[in-house]
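Results of the structural survey
So you can see what is in the structure, the chains are spelled out below.
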Amino acid sequence: GIDLLKGKYDIWVNPKDKLLTKEELKEIAKASDALITMLADPIDKEVLEAGKDRLKIIANYAVGYNNIDIQKAKELGIYVTNTPDVLTETTADLAWALMLAVARRIVESDNFTREGKFDGWKPELFLGTDVYGKTLGIIGFGSIGQAVARRAIGFNMKVYYYQRHRLSSEKEKALNATYLPLDELLKVSDYVSLHVPLINETYHMLNKEKLSLLKKSAFVINTARGPVIDEQVLYEKLKNKEIAGAALDVYENEPQLTPGLKDLDNVVLTPHIGSASHETRSRMAQMVAKDIIQALEGETPEHLIWR
Ligand code: 8YV
């Protein structure tokens, strides 16, 4: 991605490999025509105001853009773009990897084997839970949720989905998925996978009341955004074995984890790597660079959020 921009523009890359402070972000916004931002860069009103005289585009290196005050950017005439589609399958793969890992206790077993504790086959060593033939509830049925559903066909799963808008019955049929209201979905699912964006309506979508609807044998998988689950309540339910397990790639206060979460053995935790494959990150980088070139050459960038 950077290679596409090199030679055309002066490029400044944050050399510190750590997050910029608000003041630093404001300074850079003020001195730049384009910004490439990550989820962890909060582009709020103040940063946008600082950049309003020069900044033409903020190209978010992510499909989600809850880190940016979109309304304000629009008001100031600053384009905001994201990276849709190119990370759909990779993120769905991770949701599946996490689901299988937590169900079959892969991480625990791996640690056990590495630690030299494997001293022979035992009939009850690391008994897990089947995935094949179970019920999968998908919350948020956009492209990533649908890609997760497609994989479930090979696992002979019963798939339910919940989102604001129901799909056509042809689409439901093609994906082998049936709509259920959220409460119903939570009550019947063996695995619940989240694929909603973080917006006001999805903040703590799985709160105490909703998490209490889950079966004791249920697993929760989150590759969407941490704040869609009340992480403290989730932690307590996992600790008290009121739900069977969770596999999380995102956290409510990233990169901080709820105290105690990492000490539970019924969780699998990854550090926000949903789109982290060589192929996908390269596609995202090129997309971001191309959108910047379009914006700086006076065109409307292809992946403008409010197009
Ligand atoms: C990003 C993501 O890589 O696309 C998203 O929304 O969460 C990831 O793919 C990450 O957010 C860094 O911006």
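Heads up: these notes are all about the structure in this document. (Residues numbered from 1 in each chain as written. Predicted model: local features only at pLDDT ≥ 70, side-chain atom pairs only at ≥ 80, totals over all residues.)

Concerning the packing of helix α5 (residues 88-103) against helix α7 (residues 143-153)
For any two helices packed against each other, one specifies the crossing angle of their axes together with the interaxial distance. Direction vectors running N to C along α5 and α7 enclose 55 degrees, while the axes themselves pass 8 Å from each other. Taken together, α5 and α7 sit at an angle that is classed as oblique. In this structure, α5 crosses over α7, and the sense of that crossing is right-handed. In this structure, α5 contributes Thr88, Glu89, Thr91, Ala92, Ala95 and Trp96 to the contact, and α7 contributes Ser143, Ile144, Ala147, Val148 and Arg151. Its residues placed into classes, the contact of α5 with α7 shows six nonpolar, three polar and two charged. (Axes fitted to C-alpha atoms, helices over the stretch in contact; angles between N-to-C directions. Helix = DSSP H or I, 4+ residues; strand = E, 2+ residues; numbered from the N terminus. Parallel < 35°, antiparallel > 145°, perpendicular 65-115°, else oblique. Left-handed = near helix turned anticlockwise from the far one by under 90°. Contact = placed C-beta atoms within 7 Å. Nonpolar A, V, L, I, M, F, W, Y, C, P; charged D, E, K, R; others polar.)

A closer look at the pairing of strand β7 (residues 191-194)
Here β7 shows two buried faces, one formed by Tyr191 and Ser193 and the other by Val192 and Leu194. Pairing of strand β4 (residues 135-139) with β7 involves four bridges; the strand directions are parallel. In the sheet register, Leu136 faces β7, and the bridge partner there is Tyr191. Relative to strand β8 (residues 219-222), β7 is paired through four bridges, and the arrangement is parallel. Across the sheet, residue Tyr191 finds its bridge partner in β8, namely Phe219. (Buried ≥ 20, exposed ≤ 12 C-beta atoms within 10 Å, placed from the backbone. Pairing = 2+ DSSP bridges.)

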